[in-house]
Amino acid sequence: MTETEMEKRAVRTVRRKHSKDLLAVLFFLLLLPYTCSVLFGARQEEAVETSGGVAGFGGFILWEKQNGVRQIPVEDFLTGALAACMPAEYREETLKAQAVILRSICLREMEENGVLKKEESQLEILEKESRQTLWGEDFAENEARFQQAVRDTDGIVLTKNGGVVKPPYFRLSAGKTRSGAEIFGVEAAAVKGGEALPQLPEGKTWCRSVECPHDMEAEAFLQEIRIRREAFAKKLWEEGIKLPEKGGKITLTRDSAGYVLFVDCGDKQMEGEKFRELFSLPSACFSIREEDGEILLQTKGVGHGLGFNQYGADLLAAGGKDYLEILDCFFTGLKAEKVRMPIER
């Protein structure tokens, strides 16, 4: 064999080797996804899953699911929380104001607890599937509006003396919102879903009382509940309170906004919010009277009446006020600041 033929043979050998190597690499890449699924598939159900969505100021909410723990971006969580507490027909500036309140509560909880779990938050959330069911054919439009309200207020929270606060909110006043300075330290009852009365000294000064006369025009303003006297007496008895005999008096102590602070039966006393919770009343602005063997409970407004009045806020938005002006109407001494999420511990 000549030198030239040997050289050509060597080249062919090298080429065949390169081709085999290339085929081996391609074969490996082809099988790689399958191999990974075989090796790690059993663990995927327990892995932490991160969902993407509304771009925001950072941070995650941990949410335990049947297949493990999901990391939900705070801004996505806020979209669901906003949908859970705000009617879809409300105006954009009202949605923005509520988004700032929810973000403030969320950030304060993260500062207090470190990594925040959905189950530990006072905020309720309406998942995407539930929003689709609730909004039906209007889902796409409403989803875009609620996400935009979160985006337009990206990172903005309410603070007092440099610290983030947890502003209370409710649906509809009894004609006037309550004064934090007046009721602080009087009632300690907590109502789930953003309805908790503030337990911190800061609530003493920045929840102002605001006249909301147009709330009385709302469809849900006045409601009545009737209950048989025997059933009414039984519920009170279970709380250690004896209902006075017919002709006896139940005394109601009210604040300046008309909400009941205390219910007195004989020598026993119950807080107004506790009574409201016991009988599932829309608000603690109620009256009691007896008619034909029944107890008539008549209520005004919806919610605890302290802080941000959603219905009243939407009327302000209709009048041209922006979300910062609306928030300023219900809170005094609070500052709107843009912040970043704290580093999770």
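See above for the structure.
The shown structure was predicted, so the numbers you read here are calculated from the model rather than taken from an experiment.

1. Things to note about the nonpolar core
Right, on to step 1. If you look at the biggest cluster of nonpolar residues, it comprises 47 residues, and the most contacted ones within it are Leu 82, Phe 308, Leu 327 and Phe 331.
Right, on to step 2. For this core, the secondary-structure elements that each account for two or more residues are α2 (74-85), α3 (92-113), α5 (139-152), β4 (156-160), α10 (310-318) and α11 (323-330).
Right, on to step 3. Leu 82 has contacts with Leu 95, Gln 98, Ala 99, Leu 102, Phe 146, Ala 149 and Val 150, leaving out every residue within four places of it along the chain.
Right, on to step 4. Ranked by size, the runner-up nonpolar core spans 21 residues in total, among them Ile 241, Val 260, Val 263 and Ile 295.

2. Description of the packing of α10 against α11
Right, on to step 1. Relative to each other, α10 and α11 sit at 135 degrees, their axes nearing to 10 Å. As far as their axial angle goes, α11 and α10 are oblique. Note on packing geometry: the crossing formed by α10 with α11 is right-handed. Residues Gly 312, Ala 313, Leu 316 and Ala 317 of α10 form the contact with α11, whose participating residues are Ile 326, Cys 329 and Phe 330.
Right, on to step 2. Taken together, the residues of the contact of α10 with α11 break down into six nonpolar, one polar and no charged.

3. What to know about the environment of Gly 293
Right, on to step 1. One can find Gly 293 in the loop between β11 (286-291) and β12 (294-300).
Right, on to step 2. Sequence separation between Gly 293 and Arg 229 is 64 residues; the distance between their C-alpha atoms is 5.7 Å.
Right, on to step 3. Look past the residues within four positions of Gly 293 in its chain and what remains in contact with it is Arg 228 and Arg 229.

4. A look at the sheet that holds strand β14 (residues 335-338)
Right, on to step 1. Taken in spatial order, the three strands line up as β5-β4-β14 in an open sheet, and their pairing is antiparallel. Here the strands that pair on one side only, and so sit at the sheet edges, are β5 (163-164) and β14.
Right, on to step 2. Along the sheet, α3 makes contact with β4 and β5, crossing β4 at roughly 65 degrees.

5. Brief notes about the sheet that holds β11
Right, on to step 1. Pairing is antiparallel in the open sheet, where three strands are placed in the order β7-β12-β11. Edge positions in the sheet fall to β7 (222-228) and β11, since each has one partner strand and no second. Across this sheet, the average inter-strand angle for adjacent strands is 20 degrees, counted without regard to direction.
Right, on to step 2. Packed onto the sheet, helix α8 (residues 229-238) meets β7, β11 and β12 and runs at close to 90 degrees relative to β7.

Conventions and cut-offs
Residues numbered from 1 in each chain as written. Predicted model: local features only at pLDDT ≥ 70, side-chain atom pairs only at ≥ 80, totals over all residues. Heavy atoms only, no water. Core = buried A, V, L, I, M, F, W, Y, C linked by side-chain atoms within 4.5 Å. Buried < 20%, exposed > 50% of the residue type's maximum accessible area, 1.4 Å probe, protein only. Helix = DSSP H or I, 4+ residues; strand = E, 2+ residues; numbered from the N terminus. Contact = heavy atoms within 4.5 Å. Axes fitted to C-alpha atoms, helices over the stretch in contact; angles between N-to-C directions. Parallel < 35°, antiparallel > 145°, perpendicular 65-115°, else oblique. Left-handed = near helix turned anticlockwise from the far one by under 90°. Nonpolar A, V, L, I, M, F, W, Y, C, P; charged D, E, K, R; others polar. Pairing = 2+ DSSP bridges.

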